[in-house]
Amino acid sequence: MDRHVTHAMFTLERTYPVPPARVFAAWAEPAAKARWFAAGPDAGHQLDFRAGGREVVHGGPDGGPLMTFETLYRDIVPDERIVYTSTLLAGDDVMTVSLTTVEFRPAEGGTQLVLTEQGAFLDGQEEPAWREQGTAAQLDALSKALTTADEHR
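Structural notes, computed from the coordinates.

What counts, and at which threshold
Residues numbered from 1 in each chain as written. Predicted model: local features only at pLDDT ≥ 70, side-chain atom pairs only at ≥ 80, totals over all residues. Heavy atoms only, no water. Helix = DSSP H or I, 4+ residues; strand = E, 2+ residues; numbered from the N terminus. Contact = heavy atoms within 4.5 Å. Phe/Tyr/Trp six-rings, centres within 6.5 Å; stacked < 30°, edge-to-face > 60°. Buried < 20%, exposed > 50% of the residue type's maximum accessible area, 1.4 Å probe, protein only.

### Quick word on the environment of V5
Here is step 1 of the chain: Within the element layout of this structure, V5 appears in strand β1 (residues 5-16).
Here is step 2 of the chain: It is 31 Å that separates the C-alpha atoms of V5 and D42, two residues lying 37 residues apart in sequence.
Here is step 3 of the chain: In contact with V5, other than residues within four places in its own chain, are A120, F121 and L122.

Below, the structure written as structure tokens:
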């Protein structure tokens, strides 16, 4: 195996038509986060949302290795900021280690979310562009979850 590290950083921005407290709650409440973040009911999503708390999600392709995404929350400022470190594993092999900051800013008509991730991508097992695309898809799923929640209020 070719051992090497690729360092990368990306920033994604989204605007949601709800107040920061609602967007923050979609990250903080286990059932709400599972709706947009976990890959389905078999993902074994666990969320202990507090500084020092952990989040774990399992999944992966059919017939492929079990993928585990594990997060440790480092700093939480309600309705304003979340900072966490994460590892993505395929089986027992570490694929990436990252630091992510999510900021919630009041914006006209709702909330501007700014997510910045800095990652170490190990041995070519994951490409930075794949992570950025996957994270963008999750933020789009968050938008749908917030819209669906509005329809049921």
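Here the narrative resumes, following the displayed structure.
### Overview of the packing of aromatic side chains
Here is step 1 of the chain: According to the stated counting rule, one finds 8 aromatic pairs in the structure shown.
Here is step 2 of the chain: Considering the side-chain rings of F24 and F49, the 5.6 Å spacing of their centres and the 75° angle between planes classify their relative orientation as edge-to-face. You can see F24 sitting in helix α1 (residues 20-28) and its partner F49 sitting in the loop between β2 (46-47) and β3 (54-59), a full 25 residues away along the chain. The exposure classification of F24 matches that of F49, with both residues buried.

### Some words on unusual backbone geometry
Here is step 1 of the chain: Notably, D79 is not glycine yet its phi reads approximately 65°, a positive angle.
Here is step 2 of the chain: Its location among the elements puts D79 in the loop between β4 (67-77) and β5 (81-90).
Here is step 3 of the chain: The class of D79 is partly exposed, set by a relative accessible area of 32%.
Here is step 4 of the chain: Although it is not a glycine, D123 adopts a positive phi angle of roughly 60°.
Here is step 5 of the chain: Along the polypeptide, D123 turns up in the loop between β7 (110-122) and α3 (128-151).

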